[in-house]
Amino acid sequence: MAAKKSQRRASAGRRRAAKPNAPHAAQLADVLADTRQARIQGLLAQQPADSEARRRIGLELLQLKSYRHAQLYLEEALADLPERLDILSGLGQACLYTNDPERALGHIERALPQAPERFDLLYLKGMALLGCQRIDEALALFEYCVEIAPDSPKALTVLSRHVPLRSEQWDYLVSVAADASVATEERVDALFALGKRDLNQGRLEDAFNHFDTANRLFLPLAPANGLPWRKLLGYVAGTYPEGLFERFAETASDQVPELFIVGPSRSGKSLVESILAQHPSVIKGGERFEFMDYVRESASAHETLNGFIEALSPGDMPELSQGYLNRAGHKGKMVTNTHPDSIFVLGILGLMFPKTPIVFCMRNLLDMGMAAYFTKYDTGNQQSYDLHTLGEYIASYEKAMQHWANVLPNPILMVEYSELVKDPEQVARNLYHSLGLDEYRHDDRLREQATRLLDQLGPADSVEVPTRLHSRFDGLGELLIEQLAPLIAGYRGVAESASMEERAKQQRLIQLYEALIERQKEANVHGIVGVVNRLLELDPGQPELKALLGTYVSQSGRHQQGLELLLQAGEMSPQDRNIQIQQVEALLRAQAWQQADSILRTWPENDAVTCQLQLQAFVDRHHAELQRHRRIEPTVNELEVARGWLSRLKAASQPSPIVTSLEASLEGLARNEQSIELHEMALSMLAAAGESDGRHQTQEAKCRLQYASTLLLLERVEAAIEMLHAISRIHPYSLDTQQAYQRFTTWLGDSSEAVHREWAGLHGLLERQWQSYSQDDLQFSFGDFGLPYQGYARVALPGSRPTEARIEAYKLRDHLAALKEKKGSVSALDIGCNHGFLLLELADQLDHGTGFDISPTCIEVGNTVARHLKIDNISLSAQTFESFMAEQPERHDLLIACAVHRWIGLPMPEFGRHLHSLLSKDGLLLLESQGIRRTTMTEQDFDDKVKQICAKGFEQLDRGALCDDGVNYREFYILRKR
């Protein structure tokens, strides 16, 4: 075994519905799309009326291997149907597959008195005894099962894995295999059992013929794979290039929630797990679905996993990682995960948990291919029933593992199967050491008991309990090399092809450039940064991309970082004029006037671009002084030079709102009243254009910011204050709003309006509060651009999400009025209330309201605003959902839960039960989807989540959508408690 740390090298959601109630897709449309998950979500969305319905749903979930959900439903059903045999049996299976064999044994033993000779129950008990490491008892029970086993090929096949069959049972299987009138799957089971018998007796060719016949019969019937392994290489190479993980390294979690053991089927994963699980610090997890399901749920707001990763920023990592830790109930121990499809989600694992170890299991191609071909799987693995396809699959899997080993930041441990079986003690010591675990002395007595299992162990079997191993199956495939020729051919076809990854990369580049065009239309700065980062990771040698990234990073307010990127782009392409222009524009945003001027002086003075940037710099430099509460008047000579730039610019270009607004600003600097007329003309030109996308909003916000600055210079402070306040409603998610708010607070105290003076005191107090907190404490209080997440026009506080617009969109005042008429008094609860502004705005309709949020900063701001507004019937506190529920809170008539279903970290049915318990009879629940930084798309499977919550006792009352921040399209539901 070789231990290795990977080196890190430098180098889109549902579309907005035309109608609010239009049907929607609920699945990722790419590699993680899974019909199993869709069926699970459909079951969870049902509304079981009684225990019989819960029993039915639980058993269906069990068939879909959704063991955790199956347990919940079956346990609920058992409370009313305590002796129901299928419920007890189902719970036994669910507990066994969630690695709780003791609990499984309890359910099975409770069921057995009703059917003491029932074969499937006895066999299940034997498996539970094995899980409890009561090996002698398990084998004795299996031997008894041989005596009572029905004439069923499937039953005899599973028994033959543990104990010998009787001669007449083998004769029965021979007759079934030869009878063409028998059901195909029964013949297949018999052939697999006979093949295993021949293999154990050393008759290799006879064994191969049995297995080969079985595979050819079963291939047309084999269930399809859950995930498309043929897309694996293209997906891995196109989605996770070198450099991606460096961008997220600083905010990733240092926790180790799971230990992933990864490899193709029959590569030795179960052997490695059985060795590791003997250590007291390791919990055997088996093929766990939890992490993959969590990735699906987290990415479900997007049509593709690529879209999800593209939308991620480093700041998202703490919430994403903590959500999984909450879901998994992480207690500090390592839990193993051997799910073969984990190969698809290792990239997300590396972004979230870069310290989580990954064990890659390797095995000789012929031995691994033979073992897989000699196995009939419970589900999936369709590729294993055809040798050529199986070879392609193994090669694809190994190439994907090699890519992960090259790019992942995680510690990678390689385990070779032949080393494992020859010297498991040494491999165990190496694994423990590499994982930071103390050496552990194994229970030799238990292992000696388990050695009895080896008599029946075949090369296609997994070891579920610790036992002594030997190498009798190592190298066995060499003896069948002629028969395995199709396997070798399939493997070579993929292993020797180098073009697949390049084609995937080119296809991904096309997708990203299309996404970039969409984000630019939306003026979605942070979305553009995400797309360009992905483009650069795939194609790092493009100076134009580097410059584009620098421009938009600068527009997001990170000026120094943007300038550094633009400098790098300029060094890559020193003569590129477009890059030089972008550098100057970024310098102006950063207010680096002298640096911008030194570059502009080297350009041709009559050039239209030079004139426009010179004029822009002149205007911006004087307007920036307003943020220092200073009105600086340029000299006559300076104005003359600036008018010269304007004259040459107008002569060389068509009339436009931008040029007209610059002309108006220049006249404002000259204190010319004509400037007002020119500003109005610029706004009229914008309105006449008839555009309404994000780029238009950006232009309007810039023109109004220049207009407000002119009003301040002309000492029309009250009008300037109102215009600065209005900018946040035009483009709340922008650098322009940030600058407008800075000028707003600077000049508030100069206004003669009483309300403006009151605001000045409040905003001054809020600013002092924010300054007293560290940046970490403020991460939940502020959105982007250093602005609060919630805006509140009533107190002139800008923010990404304007409170009054949201309340109007949700029709909350109408809903509260109807509740009040019916109930007389009304209370409300806001879960994850941020600043609590929704409650404050509704306070006049509430008898009392309660809100809580995890951020103390958010709550302090909310309480300060409440005191300013003299609102005393709203209580805001800083706490978690868990701590709030522990207080056994009272019920409310309105419950607001906007986009909190993700960070709560609970399965939707369980979250729905909590919400139901918090509402009074006929109470209303507001649910809102998660934003994904798109103006035309929202959370992909939000409808399904709402259905799962509805299933816990709600009915739909209303539905709608809004895009209140200009960046995130969101949908919402109003539900009524039944």
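Keep in mind that this is a model prediction, so the values were computed, not measured.

Describing the packing of helix H29 (residues 577-589) against helix H30 (residues 593-600)
- One way to put it is that H29 packs onto H30 with a least axis distance of 8 Å and a crossing angle of 155°. The angle between H29 and H30 falls in the class roughly antiparallel. The two elements H29 and H30 cross, and the hand of that crossing is left-handed. Side by side, H29 and H30 meet where Val-584, Leu-587 and Leu-588 of the first sit next to Trp-593, Gln-595, Ala-596, Ile-599 and Leu-600 of the second.

Description of the nonpolar core
- Grouped together as the largest cluster of nonpolar side chains are 122 residues, with contacts concentrated most on Phe-291, Ile-343, Leu-346 and Trp-404.
- With 11 residues, the top contributor of residues to this core is helix H20 (residues 387-407).
- Looking at which domains feed residues into this core, each of domain 1 (38-221) and domain 2 (229-437 + 449-457 + 474-485) supplies at least three.
- Dropping the residues within four chain positions of it, Leu-346 is found in contact with Phe-260, Val-262, Ile-358, Phe-360, Trp-404 and Leu-408.
- Counting residues in hydrophobic clusters, the runner-up holds 77 residues, among them Leu-662, Val-717, Val-861 and Leu-924.

What to know about unusual backbone geometry
- Unusually for a residue other than glycine, Ala-796 sits at a positive phi of about 60°.
- By secondary structure assignment, the location of Ala-796 is in the loop between strand S8 (790-791) and strand S9 (801-802).
- Backbone geometry at Lys-811 places phi at a positive 60°, although glycine is not the residue there.
- Structurally, Lys-811 is set in the loop between helix H40 (803-810) and helix H41 (812-823).

Overview of helix H9 (residues 167-178)
- Counted at 1.5 Å a residue, the expected span for H9 with its 12 residues is 16 Å, and the 17 Å between its end C-alpha atoms agrees.
- Turning to H9, its buried residues number three or more, namely Gln-169, Trp-170, Leu-173, Val-176 and Ala-177. Buried residues of H9, seen end-on, are gathered within an arc of 120° and therefore sit on one face of the element. Turned more than 90 degrees away from the buried face of H9 sit Ser-167, Asp-171 and Ala-178, all of them exposed.
- Packed against the buried residues of H9 are helix H7 (135-148), helix H8 (153-159) and helix H10 (184-200).

Conventions used here
- Residues numbered from 1 in each chain as written.
- Predicted model: local features only at pLDDT ≥ 70, side-chain atom pairs only at ≥ 80, totals over all residues.
- Heavy atoms only, no water.
- Axes fitted to C-alpha atoms, helices over the stretch in contact; angles between N-to-C directions.
- Helix = DSSP H or I, 4+ residues; strand = E, 2+ residues; numbered from the N terminus.
- Parallel < 35°, antiparallel > 145°, perpendicular 65-115°, else oblique.
- Left-handed = near helix turned anticlockwise from the far one by under 90°.
- Contact = heavy atoms within 4.5 Å.
- Core = buried A, V, L, I, M, F, W, Y, C linked by side-chain atoms within 4.5 Å.
- Buried < 20%, exposed > 50% of the residue type's maximum accessible area, 1.4 Å probe, protein only.
- Domains from an automatic or database assignment.
- Expected span 1.5 Å × (residues − 1).
- Arc of directions from axis to C-beta.

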